[in-house]
Every structure is written in C-alpha cells, then in structure tokens.
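Report on the structure
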Amino acid sequence: MAKLPISVDKIIENYGPHKAYAPKQGFHGHADPDKLVKTHCCFCGMQCGLQLKVKDNAVVGFEPWMEFPFNEGRMCPKGVARYLQNNHADRLLSPLERVESEGFKAVDWETAMSRTVTEIKRIQSTYGNDAFAMLSGVSLTNELSYMVGKFARVALKTANLDYNGRLCMVSAGAGNKKAFGLDRISNSWVDLKHAEVIMICGSNVSETFPTLIHYIWEARDNGAKLIVVDPRVTPVARTADLHLPVRPGTDSALYGAMLQQLVENDWLDHDFINQHTSGFDATIAAVKDYSLEWAEKVTGIPAESIKQAAAMWGQAKTSFMMHARGIEHHSKGVDNVLGCINLVLATGRIGKPYCGYGTITGQGNGQGGREHGHKCDQLPGNRDITNPEHRKYIADVWGIDEKDMPGKGLTAYEILEAIHRGEIKGLISICFNPVVSLPNNNMVREALEKLEYYVAIDFFLNETARHANVVLSGALHEEEEGTVTSAEGRVIKINAAVTPPGDARTDASILKELAARLGAGDKFAFKNSEAIFNELRVASKGGTADYYGITYERIVKNYGVFWPCPSLDHPGTPRLWEDRKFATPDGKAHFNPAPYRDPGEPTDKEYPVVLTTGRVVSQYLSGTQTRRIGKLLDQYPEPLLEIHPSLAQQFGIQDRDLVKVVTRRGEAEFPAQVVTTIRSDTVFIPYHWGGSKSANQLTIGNLDPISKIPEFKVCACKLIPLGRKAPPVSESDAYQSV
Amino acid sequence: MAEPEKNFDQDMEFFVDMQRCISCHACETACAECETNGQETMIHVNYVDRAHSVQTTVQVCMHCEDPACANVCPADAISKDSNGVVHSANTSRCIGCSNCVMACPFGVPKKMEAAELMMKCNLCYDRTSVGKKPMCATVCPSGALYYGTREEMRKKRPNSDPVNTFKFGAQTVHTKVNVMMPKGSKELKVH
C-alpha cells in the first residue's frame with residue numbers, strides 16, 4: 001500500500017473530525033424521549049452508570065442513573081457529552097474502499113468483504129499465516145474481546161494478535177501476576193472510603209478518573225491522609241497531605257527507599273510476611289543501600305518528604321495503594337509496580353477491610369479486555385497460550401485441535417516494527433488508533449504505508465483508518481449489547497440503545513461474517529451477545545479470571561458481579577485474598593526485588609529536558625470520539641506545553657509563546673503554558689491529538705522487557721522558542737481538529 | 001411535555017465546597033443540558049491563578065434572600081418565588097439593560113448578547129420542582145457541589161460548616177446557597 005490516497009486536508013474535509021454541538025437531528029425529543037436506556041459510559045475504567053435518552057432510534061441526551069452504586073449519578077464532562085457522538089456527521093454509514101487520488105468511496109458489504117477475504121488468503125498463502133496480523137482494543141466489550149481472540153486464532157489462524165491494553169496497564173498486569181498470580185485490583189472502591197492512608201502513584205485521578213475522586217474526598221472526611229507521587233501538581237496532588245514531585249523515570253528508587261525505611265523502623269507485619277509471602281529477604285537485600293540521601297539525589301524529592309511518606313505509610317493500620325500510567329508507562333514499569341506491591345506486602349495490608357491495592361485501568365474495559373484472550377500471549381480466563389493444559393482446554397471449548405492453535409505472537413509495538421521491516425504484510429484492526437496512540441508514531445505511519453493490505457473496522461475514519469484499503473463500518477458503544485468489567489473488577493451490562501445507522505453493522509456481525517468467509521462459520525454461530533458471553537463463561541471456567549457464575553440476569557439484578565465468580569451460587573468477589581490464599585503456585589504472595597535503573601533515554605547536553613505526557617479531563621485517549629464533540633474540544637482546545645517559569649526563563653519562553661519541542665524521533669510545535677505546577681526539569685504535553693499536534697511523534701518506543709509497554713512517560717527533549725506567540729485558539733490547527 | 005408537578009422540597013439546600021473542585025467542568029457541561037437553558041451553561045468554573053495553582057472555583061447563582069438583581073430590574077423581569085429560587089429573566093419582559101449584571105455582588109448574571117437577554121441559574125427548576133436534584137450537583141464527581149439537607153451535609157463534612165452570610169463592605173447578603181467553610185465559620189467577608 002502507498003501513502004494516503006489524497007491529502008490529509010481532503011480526508012478531514014470529508015470525514016472529520018468535525019465538531020458536533022447538537023445531535024444531527026437537533027434536540028428533537030430531548031425533553032420527551034421514547035425511552036431511557038440504562039447503560040454505562042463508553043470512556044474510562046470507572047464505567048459510570050448513566051441513562052441514554054433515545055428518540056426515533058437516535059441518542060438525543062443523557063439522564064443520570066442515580067441507583068447505580070458506584071457513581072450514584074455523578075459524571076465527568078465526557079460522560080455527559082458522549083451522546084453527541086451518536087449520529088455524528090462523521091459517522092461511517094457504509095463500508096469504504098480506497099481509490100488512489102480520489103480518496104474513499106462507499107461500497108457494498110459484498111464488495112468489501114470479498115476483497116478483504118481474498119487479500120487475507122492471498123497474503124497468507126504467499127507469506128504464511130502470521131504475515132497477517134490483528135490489532136484490537138479494550139473499548140470493546142468482553143464479548144468482543146473474546147470473539148476477537150477466537151477469530152484471530154481460529155479463523156485468521158495468526159499468532160500475531162495484540163491489543164491496545166499494551167499501551168495501558170500491562171506493566172501492572174505483569175506485576176500483579178508475579179506477586180499475586182492474578183491480575184485484578186484487590187478490592188472494590190468502597191474500601192477506599194475508610195482507609196487510613198491513601199497513596200496514589202502516577203495518576204492524575206482528578207482528570208483521568210474524576211468520579212473516583214468522590215471516594216478519595218470521602219476518605220479524607222473520615223480522616224484519611226493522602227500521599228500523591230506525581231511530577232505535576234494535579235488537582236488531586238494540590239490537596240494532598242504529602243505531594244512527592246518525582247523526577248520522571250525514577251519511581252522505583254522512591255519505593256525502594258521507602259521499603260528500606262519500613263525495615264529500618266520495623267514498620268513491618270512480620271506475621272503476614274512469615275506466613276503468607278516469599279522473597280522478602282532478597283527484596284530487602286536489594287534496597288539495603290537505598291538511603292534517603294541517595295533517593296533524594298535520584299528522584300529529586302526531598303529526603304525529609306520520603307521519610308515522612310514512609311512513616312505515614314508504615315504506621316497506618318489500614319491503607320489503599322493505587323497507581324496508573326504514570327508509573328506503568330516505563331521501560332521498567334513492572335519494577336515500578338513491584339516496588340509499590342512490596343510496600344503493601346511489607347505492611348500486610350491486603351485482603352482486609354479498608355485495605356487495598358491496584359491499578360486504575362484507563363480504558364473502559366481495560367480490566368475485562370485483558371482477560372479474554374486478545375493479548376498475544378493469552379487465552380480466555382487469563383490463561384497462558386504457551387501452557388499445554390491451558391491450550392488444550394480452550395481448544396476443546398473452541399472445537400479445534402490444539403495443534404492448530406497458533407502460539408505466542410508479537411506485541412502491539414513489535415507488530416508495527418515487524419510491518420516496518422516488511423515481515424508482516426497484512427493487518428486488520430478494530431478499535432485501535434496506533435497512529436496517534438503509539439510512541440514514535442512517524443515510524444507507525446511509515447509502517448502502515450508498507451502494508452500490502454490493511455482493513456480497519458471502525459465507526460469514524462480515525463488517523464489510522466485513513467491508511468486502510470477497506471474500512472468496515474462498525475458500531476458505536478450504544479449500538480451493541482454486551483458486558484464490560486470496570487476497574488474495580490465489577491462485571492456490568494452494556495445495553496444497546498439504538499441500532500447502527502445506515503449500512504453500518506455491529507462489530508460482532510462483521511467478525512462473524514468474516515469468519516464464515518474464512519471457513520470457520522460453524523465456530524462463530526452465535527445467536528446474540530448473550531450466547532458469546534455464555535461461551536466466554538465456559539472458556540474462563542477454572543482460569544484465574546473465572547466468570548462462569550456470572551450471567552446477564554445476575555449482573556442486571558445486582559448492579560454487576562465481581563469476578564472471580566466460579567459458580568452460579570457464588571456471590572462474586574469484591575475483596576480478594578481474604579482467605580490469604582494467593583493465586584500463585586505456592587499460594588503465597590511474592591515479594592520481588594525491584595532495584596532501580598535509569599530510564600531508557602536519560603537527558604544529556606543536547607536533549608537536556610525531560611518530556612512526559614498524559615491526559616486532560618475533556619479528552620479520551622487518541623481523541624477519535626472526544627475530538628468530535630464540540631463542548632469537549634472547547635474545554636481544552638489544543639495541546640499545551642506545560643513548563644515551569646524557571647525552565648521557561650532559561651529558554652526565554654513566556655506564556656503562549658510557540659515552542660518547538662524536539663526529540664530524537666521527531667519535532668512538533670506547541671503553545672507554552674508557564675506554570676509553577678510542574679517540576680522545573682520536566683515539560684508535559686497531553687497526547688490526545690493527531691497530525692502535527694501529536695505528542696507521540698516525540699515519545700520513545702523503549703519497551704519494558706517483561707510487559708513490552710512503551711516508555712511514554714519519559715524521554716529527553718530540547719526546546720526551541722520560535723520567537724512568536726501561538727495563534728489564537730480559534731485559529732489553531734488542533735482546535736480545528738486537523 | 002406535561003406541566004411539571006410542583007414538588008419542590010424546601011428542606012433541600014445547595015452547598016458549594018470550592019476546596020473539592022477539580023476543574024473538570026462536568027457541572028458546566030451538564031447545566032447546558034437543562035431544558036430551559038438553550039444549551040447555555042449557567043454555572044462557570046474559573047481558575048483562581050493558573051500560573052501558580054490548579055485551584056478552580058465555581059460561580060453559580062447564590063439565590064439571595066433579597067436579590068439585588070431583581071431589585072434593580074426596571075422591567076420586573078426577575079422574580080423570586082416562595083421556595084426562595086431567584087428565577088432567570090422572564091423573556092417577555094427582559095430589556096437586556098444589564099442592570100442586574102452590574103448589581104449582583106457575586107458577579108453571576110450574564111447578558112447573552114445574541115439574545116439581548118439576561119440568563120442565569122434558576123436552580124434547575126425543571127428538575128427541582130419535580131423532586132430531582134439540579135443537574136450540576138447531580139453530576140459533580142467530586143462533591144464540590146451538593147444538593148441535600150443541612151443534616152446530610154453536617155454528617156458528610158464534620159470539619160466544615162455551611163455559610164450563607166456574606167459581607168461585601170457594609171452590605172450583608174443572605175443567600176439560599178451555602179459555601180462550605182472551616183468549622184465554626186459564620187460568615188464570609190468578601191472585602
């Protein structure tokens with residue numbers, strides 16, 4: 001395949017992103033809808049309950065769902081405005097086919113499907129099955145995640161399937177498995193409210209998970225102390241009892257020094273350590289030289305603050321430790337996570353009321369989407385694709401010979417690298433926008449241009465789908481039924497509010513037809529989403545992520561069911577490990593040494609400034625949906641370069657000055673926002689934009705050796721002030737969504 | 001749509017706790033969904049000093065006991081009802097003179113230039129009059145905005161007291177809306 005068929009400007013003119021301020025059909029029916037559909041938000045891992053107002057098969061507004069126990073009606077601006085994506089002017093209403101020099105033309109399903117299947121067969125017969133890869137996403141429901149995993153292995157017969165959770169919390173998942181043998185937050189959020197101390201590491205909770213803030217504030221009403229580790233003074237860090245402004249890439253030094261303090265002061269739960277853990281001695285040996293002074297030098301956090309944090313953590317009776325991408329997006333993300341877990345295990349505060357530990361999943365189905373087998377190394381039930389017993393069990397459920405099941409494939413970033421090297425020739429993607437979301441995205445764009453055939457299943461023509469040969473018009477969140485699993489492990493029900501418009505189809509029906517045309521129709525003869533879920537339940541049975549006892553009926557009746565839930569009479573498990581039986585082979589929780597090492601790309605004379613990236617409250621991930629909602633774009637119209645006044649002064653930069661940020665991967669220009677709420681050696685850019693405003697042109701593809709997560713959160717950059725002010729927001733390319 | 005049943009619960013009060021505001025703007029987005037606002041928000045979130053802090057405050061109609069906006073209105077377009085709600089300008093009366101904009105000590109009413117009309121929060125009368133909570137307080141994810149009884153608030157925030165007496169120099173203003181202050185506070189002196 002070649003470059004884009006027509007210019008980016010032309011594609012945007014035809015397919016957006018355009019900003020919607022009102023439903024396409026106006027607010028007709030806003031006040032008097034045909035029905036209210038109880039469902040959940042399509043964005044972050046909180047999965048707030050809400051009701052969609054539906055009139056004439058279109059979503060025309062929202063109404064809070066007061067009874068849903070997690071959020072009781074509370075919402076963030078994304079959840080409130082999400083209904084504006086429905087019937088959006090940019091919505092793909094039929095399959096599209098690429099026409100060189102002309103752009104894309106609408107085609108019928110027969111044409112799109114038959115061309116896709118012909119190309120898949122051609123590429124696989126020429127280069128081998130693994131030369132056709134698949135990329136998936138965790139905004140998909142559990143049913144679709146399961147179906148994608150089965151589709152890639154049974155219909156497409158490729159090993160190279162991975163998912164965009166690879167950019168999210170796989171470091172946490174890998175750390176959880178090493179320490180506990182199971183990958184889930186240990187408790188429901190309810191335990192947060194009564195914890196004596198809460199430690200938040202690398203998470204701007206207030207902007208990324210706003211509805212979780214209520215639980216934190218309630219905890220503080222109950223007397224909780226709050227420790228926040230973050231290079232920026234975020235809204236949650238602003239109010240913390242102790243803010244630790246860590247130098248990006250040095251987190252594990254902080255946790256190591258805190259562990260050393262726990263040992264020195266004997267703030268340890270010896271009974272728990274002796275009876276229920278292993279690896280303690282080797283772990284503390286690894287940090288024996290981690291003095292406060294050393295940690296101050298490495299992390300940039302005053303020694304006194306580290307000491308205070310250790311004392312607050314060590315002396316509490318109950319606690320909740322949570323972290324997110326700030327410590328996970330690193331080439332040592334797993335070590336950072338293990339450093340946090342070691343602090344939890346040393347104090348024995350897990351599996352008890354008001355004690356908890358876990359990652360906060362960023363994507364809507366970030367939890368469920370990592371359990372059902374669309375990761376390159378995983379089968380449903382969180383089973384291991386290299387384990388013969390696990391393979392046999394799933395092969396039997398799928399009705400195939402275990403020998404025909406592909407093995408472990410490449411991870412997401414590695415798949416793009418393999419495409420770039422010419423080893424992978426074909427790609428199918430669903431719900432993944434790597435041109436915006438992967439690091440070093442100039443390489444990603446070049447890779448897509450080398451593909452012989454690319455088919456995207458999508459509802460908008462996002463930055464990646466623009467490179468496709470064929471786009472299959474799939475379904476929005478509100479157009480397909482299923483379940484998702486929220487960040488607290490609660491399996492909940494997504495109810496379809498409307499049917500797909502025009503000739504668009506549900507993702508399940510698209511995969512089903514492709515499978516049939518690839519000769520595996522009998523393996524995908526699902527009548528509806530509940531039938532997929534029922535097969536998923538069986539496939540998960542006996543795995544660590546056991547959903548067998550969860551049914552649609554139970555979910556609706558109980559406002560969700562927490563997994564593991566191994567039988568129909570099992571109540572579900574809001575709090576793990578109460579029995580002190582961990583899911584590891586020896587039944588113990590494992591300490592793991594997490595010695596400090598430098599980030600992959602330290603600063604130097606040429607690139608003297610640390611660049612870190614993150615999110616803003618009004619945008620979601622690659623912005624495919626939120627950059628099309630006018631109200632949300634107005635709220636934070638363009639990516640800004642946050643920079644401390646002292647660093648700004650060194651470069652002669654003032655507020656709103658246009659600054660070129662350069663790394664070894666690329667360069668881009670951003671307006672400066674000069675603020676004292678960031679470390680003076682670090683600059684921050686939000687990553688939701690594409691094209692010339694994409695922060696991921698700059699970030700680096702260093703991978704964690706275990707989780708293979710890229711190091712989005714730290715690389716070296718230089719700043720070049722351009723000697724002029726940024727144009728007014730109304731004239732900004734980013735605001736125009738280019 | 002049928003005329004809403006008037007079911008306003010006078011025990012319910014509105015509380016604003018600036019310390020908890022996380023600058024998410026959910027209140028603004030949700031306010032614009034109100035049936036009577038024409039997709040305009042009547043609540044506003046502002047940074048105090050973004051160069052040095054991420055602290056934001058919310059600006060919402062305080063529903064004064066003796067509303068200056070209504071008192072100075074030459075067209076009698078602004079009224080306060082028996083529930084204590086100060087309503088937005090009556091569209092058939094408002095002459096767009098901006099007297100209310102200048103008179104309000106809290107800087108709340110805004111003149112919508114395109115419509116030549118003053119608009120402001122009416123405590124989500126379409127919702128509160130049928131027993132629901134105002135949209136902004138319903139969605140507020142942080143509890144910076146809360147609509148409930150004084151007793152509920154006392155239990156929720158044992159370390160704070162609601163204050164609805166404001167001193168603007170020599171002028172004292174009592175409001176239906178409360179701001180949460182440190183325990184023991186009785187009034188807020190603005191200057």
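Please read these numbers as outputs of a predicted model, since none were measured by experiment.

**Thoughts on the pattern of salt bridges**
Residues and elements named next belong to chain A. Inspection of every chain in the model, using the stated rule, returns 57 salt bridges over all chains. A salt bridge links arginine 166 to aspartate 162, with the shortest nitrogen-to-oxygen separation between them at 2.7 Å. Across the pair arginine 664 and glutamate 601 runs a salt bridge whose closest N-O atoms are separated by 2.9 Å. With arginine 664 in the loop between strand S25 (657–662) and strand S26 (667–674) and glutamate 601 in the loop between strand S22 (589–590) and strand S23 (609–614), this pair connects stretches of sequence that are 63 residues apart. A residue is classified by how much of its surface remains accessible, and glutamate 601, at 8% relative accessible area, is buried.

**Here we look at the sheet that holds strand S9 (residues 225–229) of chain A**
All names here are of chain A. If you walk across this open sheet you meet the five strands as S10-S9-S8-S12-S13, and the pairing is parallel. Lying at the two open borders of the sheet, with one neighbouring strand each, are strand S10 (242–244) and strand S13 (356–359). Recorded for the sheet is a direction-independent mean angle of 10° between the axes of neighbouring strands. Two strands pair when backbone bridges link them, and strand S8 (residues 197–201) and S9 are joined in this way by five bridges, in the parallel orientation. Among the inter-strand pairings, isoleucine 200 is bridged to a residue of S9, identified as valine 228.

**Digging into the sheet that holds strand S2 (residues 49–55) of chain A**
All names here are of chain A. Taken in spatial order, the three strands of this open sheet run S1-S2-S3, and their pairing is antiparallel. The open sheet terminates on both sides in strands that have one partner only, identified here as strand S1 (35–40) and strand S3 (58–64). Strand after strand, the sheet turns through a mean of 35° between neighbouring axes, direction not considered. Where S1 meets S2, six bridges bridge the pair, whose relative direction is antiparallel. Paired with threonine 39 across the bridge in S2 is leucine 50.

**Digging into the pairing of S25(A)**
Residue and element names in this part refer to chain A. With six of six residues buried, S25 is to be regarded as a mostly interior element. The two faces of S25 match: Asp657, Val659 and Val661 on one face and Leu658, Lys660 and Val662 on the other face are all buried. Bridging between S25 and strand S28 (residues 715–725) involves five bridges; their strand directions are antiparallel. For valine 659, the partnering residue across the bridge sits in S28 and is proline 721. Inspection of the sheet shows S25 paired to S26 by five bridges, in the antiparallel sense. What sits directly across from valine 662, in S26, is glutamate 667. Connecting S25 to the next strand, S26, in antiparallel fashion are four residues.

**Concerning unusual backbone geometry**
Residue and element names in this part refer to chain A. Backbone torsion omega between glycine 16 and proline 17 reads 15°, so that peptide bond is classified as cis. Structurally, proline 17 is set in the loop between helix H1 (8–15) and S1. The omega angle of the peptide bond from tryptophan 563 to proline 564 is -5°, so this bond is cis rather than trans. In this fold, proline 564 is placed in the loop between strand S21 (561–562) and S22. In this structure, asparagine 57 takes a positive phi of about 60° despite not being glycine. Mapped onto the elements of the fold, asparagine 57 is located in the loop between S2 and S3. Positive phi, close to 70°, is recorded for arginine 656, a residue that is not glycine. On the secondary structure map, arginine 656 appears in the loop between helix H24 (645–651) and S25.

Calculation rules
- Counting restarts for each chain, with residues numbered from 1 along the sequence as it is written.
- Each chain gets a letter, beginning with A, and each ligand a number, beginning with 1, in the order they are written.
- For a predicted model such as this one, the threshold for reporting local features is a pLDDT of at least 70, and the threshold for listing and counting side-chain atom pairs is 80 or more; totals across whole chains, interfaces and linings nevertheless cover every residue.
- The side-chain values count all of the structure's non-hydrogen atoms but skip hydrogen atoms and water molecules.
- Take a side-chain nitrogen of Lys or Arg and a carboxyl oxygen of Asp or Glu: if they are within 4 Å of each other, that pair is a salt bridge.
- Runs of E in the DSSP output that reach at least two residues are strands. Runs of H or I that reach at least four are helices, and both are numbered from the N terminus.
- For every residue, the accessible area (1.4 Å probe, protein chains only) is compared with the maximum for its type, and the residue is labelled buried under 20%, exposed over 50%, or partly exposed between those bounds.
- Here the rule is simple: two strands pair whenever DSSP picks up at least two bridges between them.
- To get an axis, a line is fitted to the C-alpha atoms, and for a helix only the part in contact is used. The angle between two axes follows their N-to-C directions and goes from 0 to 180 degrees.

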